[in-house]
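Single-letter residue listing:
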Amino acid sequence: MGPDPGPGGPFGLAGTWPRSPAEAVLWQEALAARIQPEGDPGPVCYVAGCDVAYRGEWAYGVVLLFEYATGRLLSHSWARERARFPYVPGLLSFREVPVLLEAFFRLEGPEPDLVLCDGQGIAHPRRMGLAAHLGLCLDRPSIGVAKSRLWGEHDPLPEQALSACPLRDRGEVIGYVLRTRARGRPIYISPGHRIGPEAALRYVLTLLDGHRLPYPTRLADRFARTRLSQEEGR
DNA sequence: GCGACAG
DNA sequence: ATCTTGTCGC
């Protein structure tokens, strides 16, 4: 039968999910055709940051919703599930998308105009990193913000803060490498869904606050770990 | 066989 | 990602 990208298919909401890495690769090849890694989300009022933390077999997915203009935290949500898929480089979304979708489903308040994820977007061997997969499932503009490289090549990056270089795959720009702090390790930014590489870089630049990572994903990471440690006391 | 390999 | 103490530096 193979991948099922039809209605209810790729979202893990119809009880369907790949059972093996080989099957997951087939899903990615089918889903990649639906990703729109271009454009600009337009007026952004609300931004979400999300992340997943693990404690043994349990995955804790967290979503934080911010007002873009002020950076104020408007709401948050979380979900806990048994991890359904092992971590395999290139197949991260099959491990993290289900628990993140549940957390998004529980989120109250306005719909986010932009979603930032911890991981790659289309800077991926099949253009289907976590941010691309999640953005497609949510049908929302999404950006991947990764702490290390998975795919793509780039020129040497100047040591200066805020220096950036295109991340390319066979000449095609699939994202940007951005050094957010002088002499610090860079971060890897790539479009997920419904946004282009340049707009993705531009939005991330506006979400920096002096730290290595933009605050939506940085705070989501911190919240997920806090949530996790609070849970181990019961 | 060897290196690379998001979280 | 997670397992884990102290330690170097701003």
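It should be noted that the structure appears before, not after, this text.
Counting starts from 1 at the beginning of each chain's written sequence and moves along it residue by residue. Chains and ligands are labelled sequentially in the order written, the chains with letters from A and the ligands with numbers from 1. Local features are withheld for residues below a pLDDT of 70 in this predicted model, meaning they are given only at 70 or higher, and side-chain atom pairs are given and counted only at 80 or more; totals for whole chains, interfaces and linings count all residues. Side-chain numbers come from the whole structure's heavy atoms, not from hydrogens or water.

1. Description of the pattern of salt bridges
The condition that has to hold: What makes a salt bridge here is a side-chain nitrogen of Lys or Arg within 4 Å of a carboxyl oxygen of Asp or Glu, nothing more. A helix here means a DSSP run of H or I that spans at least four residues, while a strand means a run of E at least two residues long, and both kinds are numbered starting from the N terminus. Residue burial is assigned from relative accessible area. The probe radius is 1.4 Å, only protein chains are included, and a residue is buried under 20% of its type maximum, exposed over 50%, and partly exposed in between.
What the rule picks out here adds up to 12 salt bridges. Arg 202 is the salt-bridge partner of Asp 40, the closest N and O atoms lying 2.4 Å from each other. Of the two residues, Asp 40 sits in the loop between α1 (21–31) and β1 (46–55) while Arg 202 sits in helix α4 (residues 197–206), which places them 162 residues apart along the sequence. Accessibility expressed as a relative area gives 43% for Arg 202, which makes it partly exposed. Shared partners join several salt bridges into a network, and the residues in it are Arg 127, Asp 169 and Glu 172.

2. Observations regarding unusual backbone geometry
In this structure, Arg 127 is a non-glycine residue whose phi angle is positive, near 60°. Using a relative accessible area of 19% as the deciding quantity, one classes Arg 127 as buried. One non-glycine residue, Asp 139, lies in the positive phi region at around 55°.

3. Considerations on the protein's contact with DNA strand B
Note the following rule: Being near a molecule or strand, for a residue, comes down to having at least one heavy atom within 4 Å of it. As used in this structure description, the phrase polar contact means that two N or O atoms lie within 3.5 Å; if the pair is within protein, one of them must be able to donate a hydrogen and the other to accept it, and residues adjacent in sequence are counted only when both atoms belong to side chains. Only Asp, Glu, Lys and Arg are considered charged, only Ala, Val, Leu, Ile, Met, Phe, Trp, Tyr, Cys and Pro nonpolar, and every remaining residue, Gly among them, polar.
Every one of the 17 residues lining DNA strand B counts as a neighbour, but Tyr 87, Gly 90, Gln 120, Lys 147 and Arg 149 are closest to it. With respect to DNA strand B, the side chain of Tyr 87 contributes an N or O atom lying 2.4 Å from a phosphate oxygen. Between a base nitrogen of DNA strand B and a main-chain N or O atom of Leu 91, the distance comes to 3.3 Å. Residues belonging to the surface near DNA strand B are distributed by class as follows: 7 nonpolar, 6 polar and 4 charged.

4. Quick look at empty space enclosed by the protein
Applicable threshold: Cavity means a closed set of points on a 1 Å grid over the protein atoms alone, one where a 1.4 Å probe fits but cannot get out, pocket means an open set with protein on both sides within 12 Å along at least 5 of 7 lines, and lining means a residue has an atom within 4 Å of a point. Grid points are joined across faces, edges and corners, and a volume is the space filled by probe spheres set on the points.
Taken as a whole and judged by the stated rule, the model has 1 cavity of 30 Å³ or more. As for the largest cavity, its lining consists of Ala 59, Glu 81, Arg 82, Ala 83, Arg 84, Arg 95, Pro 98 and Val 99. Broken down by element, the lining of the largest cavity gets its largest block of residues, 3 residues, from helix α2 (residues 93–106). When the residues that make up the lining of the largest cavity are grouped by side-chain class, the tally is 4 nonpolar, no polar and 4 charged.

5. Description of the side chain of Gln 120
The condition that has to hold: Contacts were defined at the residue level, with two residues in contact if any of their heavy atoms lie within 4.5 Å.
You can see Gln 120 is positioned in the loop between β4 (114–118) and α3 (130–138). The exposure class of Gln 120 is buried, given its relative accessible area of 8%. Leaving out residues up to four positions away in the same chain, Gln 120 has contacts with Gly 129, Leu 130, Ala 131, Ala 132, Gly 144, Ala 146, Ser 148, Arg 149, Leu 150, Tyr 188 and Ser 190.

6. Structural notes on the packing of aromatic side chains
Formally: In this analysis, rings of Phe, Tyr and Trp, with Trp reduced to its six-membered ring, are considered paired at centre separations within 6.5 Å, and the interplanar angle assigns stacked below 30 degrees, edge-to-face beyond 60, and tilted for intermediate values. Criterion for a charge above a ring: Lys NZ or Arg CZ within 6 Å of the ring centre, and within 35 degrees of the ring normal.
Tallied over the full model, the rule gives 7 aromatic pairs. Between Trp 17 and Trp 27 the ring centres are 5.7 Å apart and the planes differ by 70°, which places this aromatic pair in the edge-to-face class. A residue pair is termed long-range when its members are at least 10 positions apart, and Trp 17 in the segment before α1 and Trp 27 in helix α1 qualify at 10 residues. The pair formed by Trp 17 and Trp 27 is uniform in burial state, with each residue classed as buried. Ring-pair connections join several aromatic residues into one group, and the members of that group are Trp 17, Trp 27, Phe 85 and Phe 94. A cation sits over an aromatic face here: Arg 80 above Trp 58, 3.6 Å from the ring centre. The ring of Tyr 54 is capped by Arg 95, whose NZ or CZ atom sits 4.3 Å from the centre of that ring.

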